[in-house]
Amino acid sequence: MAPLPRSIPDPTLEAADRALEVKGNRKPGPRLGMGVIGDECARKPFYQIRWVSPVFFDAPSIKRFDDGHRTEDLMAERLRLVQGVTLLTVDPETGRQFEFKDHGGHFRGFCDGKIIGILQAPRTWHVWEGKCTNEDKQKKLEKLKADLGEKNALRAWDFNYYVQAVLYMHYTGFDRHYLTCASPGGRGTVSVRTEADPAEAMRHIAKARRVIFSDVPPERVSSDPSFFKCRFCDFSEVCHGSRLPQRNCRTCAFAEAVEDGEGSWRCARHEDKIPLDFQYTGCGDHRFNPNLVPGEQIDAAPDASFISYRLRDGTYWVDEGPQDGKST
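What counts as what
- Residues numbered from 1 in each chain as written.
- Predicted model: local features only at pLDDT ≥ 70, side-chain atom pairs only at ≥ 80, totals over all residues.
- Heavy atoms only, no water.
- Buried < 20%, exposed > 50% of the residue type's maximum accessible area, 1.4 Å probe, protein only.
- Helix = DSSP H or I, 4+ residues; strand = E, 2+ residues; numbered from the N terminus.
- Pairing = 2+ DSSP bridges.
- Contact = heavy atoms within 4.5 Å.
- Polar contact = N/O pair within 3.5 Å; in protein donor to acceptor, adjacent residues only side chain to side chain.
- Core = buried A, V, L, I, M, F, W, Y, C linked by side-chain atoms within 4.5 Å.
- Axes fitted to C-alpha atoms, helices over the stretch in contact; angles between N-to-C directions.
- Parallel < 35°, antiparallel > 145°, perpendicular 65-115°, else oblique.
- Nonpolar A, V, L, I, M, F, W, Y, C, P; charged D, E, K, R; others polar.

Caption draft 1: Seen up close, the pairing of strand 5 (residues 113-116). The two faces of strand 5 match: Gly113 and Ile115 on one face and Lys114 and Ile116 on the other face are all buried. Judged from the three bridges that link them, strand 2 (residues 86-88) and strand 5 form a sheet pairing that is antiparallel. Paired with Leu87 across the two strands is Ile115, which belongs to strand 5. Sheet topology places strand 5 next to strand 6 (residues 126-132); three bridges connect them, and they run antiparallel. Its bridge partner being in strand 6, Ile115 is matched across the sheet by His126.

Caption draft 2: The environment of Arg80, seen in detail. Relative to the assigned elements, Arg80 resides in the loop between helix 3 (59-79) and strand 2. In this structure Arg80 comes out as partly exposed when scored by relative accessible area, which is 40%. The spacing of Arg80 and Ala182 is 102 residues in sequence and 16 Å in space, taken between C-alpha atoms. For Arg80, the contacting residues outside a window of four places in its chain are Leu87 and Thr89. Within the local environment of Arg80, its side chain forms a polar contact with the side chain of Thr89, the two groups lying 3.0 Å apart.

Caption draft 3: Quick peek at the nonpolar core. Among the nonpolar cores identified, the biggest contains 47 residues, and Leu32, Ile37, Tyr47, Phe107, Leu141 and Leu167 are the most heavily contacted of them. For this core, the element with the most residues is helix 6 (residues 159-172), which contributes seven residues. If we ignore the near neighbours within four places in the chain, the residues touching Phe107 are Leu32, Gly33, Met34, Ile37, Phe100, Lys101, Asp102, Leu167, Tyr171, Ala208 and Ile212. Judged by nonpolar contacts, the second largest core, of nine residues, contains Met75, Ala76, Leu79 and Trp128.

Caption draft 4: The packing of helix 6 against helix 7 (residues 198-213), seen in detail. Packing of helix 6 against helix 7 brings their axes to within 9 Å, and their N-to-C directions diverge by 100°. The angle between helix 6 and helix 7 places the two elements in the roughly perpendicular class. Listed contacts from helix 7 to Phe159, Tyr162, Val163, Val166, Leu167, His170 and Tyr171 of helix 6 are Glu200, Ala201, Met202, Arg203, His204 and Ile205. Split by residue class, the contact of helix 6 with helix 7 holds nine nonpolar, two polar and two charged.

Caption draft 5: Structural context of the side chain of Glu200. Following the sequence through the fold, Glu200 ends up in helix 7. Among the polar contacts made by the side chain of Glu200, one reaches the side chain of Arg203 at a distance of 2.7 Å. Excluding its chain neighbours within four sequence positions, the residues that come into contact with Glu200 are Arg155, Phe159, Tyr162 and Val166.

Next comes the structure, spelled out in structure tokens:
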């Protein structure tokens, strides 16, 4: 039998994927999202809000995100077809998506909507969240719903989603959450209703505060870099390896989050708030937060004009700023 022809690349589609990656990889967000604070590794959201490493999304990932956004809109349209259902996906007071803020504006979340009239509990307002996953993960949710009961399924299925749900219930004052999980394109859908969990919500609100206002990274999920959650983490080389973090205001020893309601950051050296656009690059006085450097601090000038380290690989390195830092 003749061998099957190898796949022939299409340069146009490849160019489209590269353009999609350029469009889909923007600057990191300035706030800590309520959808990530439930991560088992508390150090991961700490690194996220401090822009420690670039996070790159390839074309397949961006396409999955697009599937999610389009399927969410499709699901909202279908729910509104049910007589008696009212689904609000826009806050009538702002004309934008429902938004929740805490910790001086540094902790933020956006829920997909608020819904009333679902046939299981027609008189109760629910937070609505529309998720889109692959069919395997959807089937897992369906099985957990059957095995554990609807109210317990979300926590066992995806703890990050569960924390997001209880936080949104906390900030809306609702005591019910309605999650619809559709396959891409919305051909199949599973739903679960979840009850409020005030203790879990408060625990993660407190966790978010520690992540935002401390300059010391929390404990990581594992000290073993080969642990699967560490191996596939975007921050593994900084957390476990010898890579220095990105140089920007958020990784600087002089930067601190300000609880002013606007999610601002302040520079202790220049005694002023730092404009957001400037935070992405920083200035010539940048000195890495020693807690982010992969090594042991061994000396520093009183004015922090230099900070010296013995790095994990045994080399000696002096942080003298972006122009003349050197290693030996």
